[in-house]
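# Summary of the model geometry
What follows is the residue order along each chain.
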Amino acid sequence: MSASSSRGGGGGDREAPPPPPSSSRMRGAGDGGAGGVWPEHFVEAIAARIATDSAASSGRLSAATALANLFEVCTTWRNVSRSELLWRDLTRRIWGRDVLRCATWHEEYILCHRTARNFYARRAVYTPLQVVDAADGDGDSAALACRCLAISDTHLACGFLDGSVRVFGFHPTRHVSTFYPHEPRDRLGRFSRSVSGASLVGPNKLVFASMDGDVHVADGPMLSFSGSDRYWVGLYAGVPGRAVHVWDGETEALTYIGGSLTDLDSVAGWHALNDPNESVGRVRISARGPRHYACACTRRAVEVYDLEEPGVVVHGEEARRGGTWWVDAMDVWVERVLTVDGRGLARVRRVVGMVEVRRFVVRGGGGWGWSRGWWGA
């Protein structure tokens, strides 16, 4: 099995828009002759009209040539090509793209242009996909027969005859994870569990269905889990706004989904499924008396949630000056939480109010077994 990509192949492209973008915008542009300087928005409107007319009459690839000719009229007109608002509008008009994958909209436009040009020129780079868990099956090579594909900007999902879905990342190209149905059995026939369709919904949400009619949802990898007699808490990465899941410990009912703590760790969360040495996040429950709290930590931030009102963040703290937290070192004992920053400064604090009880300096990596004596008086 192999995957093909036409996004970066084929080297340079003369028709790609020439100048790099800039966040600044000129207040005026264009030599208007006797009329003086033309307003920037006027020149932008001209550029957008010329590009869309060219794309409609001669194909979308021709828009870049038309724009390059327009920007050669004069220096001030060329400066308009640095407008991010212009390239955002052009990317939407010409390529129908509303989601920014690159650093700037100018780069996004060039990526779309080069991808289309490589497609028409039949230029592509082929990369074999290595299934790292193939040996975990029952030895039936037919089980790895691919039934369907789903693709997004960052991932490729492959549905197989055995009911499994394997997800591959593009940057780099690697096997990220494998998902199986909850009840992988052939209830209605030999191939009833085979995958009939799959979709990558949103940034990192996978939905797939089996031939027997079952629909399964994979909502991103669970980074950490902690439970008490009253609550269970899971910390996820993969879907924005769904970092924290809370269950009722008695009824096992899911009572809350929300939080943005891991929104910036989506890709790292998927990689953690394939690399046990990559710690992305950790969550622990603090309980004394009737009140329960969840303490969650990533490399970027520490947050404390009131589990009686799980949508309320009672404390949030970013890593200082671009530093990091040692995720494996975060832990909770009754009503106190231990955190260690990237400089090795460890602090023991009360969960309620985050009042510091003790601090000390540690050396080495995280993931130690902390003795109760370090938790302070």
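Look above for the structure.
Remember, predicted model here, so these are calculated numbers, not experimental data.

Before going further, it helps to spend a moment on the packing of aromatic side chains. Under the defined criterion, the tally for this structure stands at four aromatic pairs. Between Phe71 and Trp87, the ring centres sit 6.3 Å apart and the planes meet at 70°, which makes this aromatic pair edge-to-face. With Phe71 in helix α2 (residues 62-71) and Trp87 in helix α4 (residues 84-95), this residue pair connects regions lying 16 residues apart in the sequence. Judged by its relative accessible area of 2%, Phe71 is buried. Its relative accessible area of 0% is what places Trp87 among the buried residues. Ring geometry for Phe119 against Tyr120: centres 5.8 Å apart, planes inclined by 75°, an arrangement best described as edge-to-face. The pair formed by Phe119 and Tyr120 is uniform in burial state, with each residue classed as exposed. The structure contains a cluster of three or more aromatic residues connected by ring pairs, namely Phe71, Trp87, Trp95 and Tyr109. Note that Arg166 overlies the ring of Phe160, its terminal NZ or CZ placed 5.0 Å from the centroid.

Attention now goes to the environment of Val267. The residue Val267 is located in helix α6 (residues 266-272) in this model. Distance in space between the C-alpha atoms of Val267 and Val280 is 10.0 Å, their sequence separation being 13 residues.

So, on to the pattern of salt bridges. On inspection of all chains with the given rule, the structure shows 19 salt bridges. Glu108 is paired through a salt bridge with Arg101; the nearest N and O atoms lie 2.7 Å apart. Residue Glu108 is classed as buried on the basis of its relative accessible area of 0%. The exposure class of Arg101 is partly exposed, given its relative accessible area of 30%. Glu317 is the partner of Arg349 in a salt bridge, and the nearest nitrogen-oxygen pair spans 2.9 Å. Of this pair, Arg349 sits in strand β22 (residues 345-350) while Glu317 sits in strand β19 (residues 309-318), placing them 32 residues apart in sequence.

Cut-offs applied
- Residue indices begin from 1 for each chain and proceed along its sequence in written order.
- Totals for whole chains, interfaces and linings use every residue, but because this is a predicted model, local features are given only for residues with pLDDT of at least 70 and side-chain atom pairs only at 80 or more, for both listing and counting.
- No hydrogens and no water enter the side-chain calculation; it runs on all heavy atoms of the structure.
- The aromatic pairing rule takes the rings of Phe, Tyr and Trp, using the six-membered ring of Trp, and pairs them if the centres are within 6.5 Å, calling planes under 30 degrees apart stacked, those over 60 edge-to-face and the rest tilted.
- Only DSSP runs of H or I covering at least 4 residues are called helices, and only runs of E covering at least 2 are called strands; the numbering of each starts at the N terminus.
- Each residue gets one of three labels from its accessible area relative to the maximum for its type: buried under 20%, exposed over 50%, partly exposed in between, using a 1.4 Å probe on protein chains only.
- Note on criteria: charge over ring means Lys NZ or Arg CZ within 6 Å of the ring centre, with the direction from the centre no more than 35 degrees off the ring normal.
- In what follows, salt bridge is the name for a side-chain nitrogen of Lys or Arg lying within 4 Å of a carboxyl oxygen of Asp or Glu.

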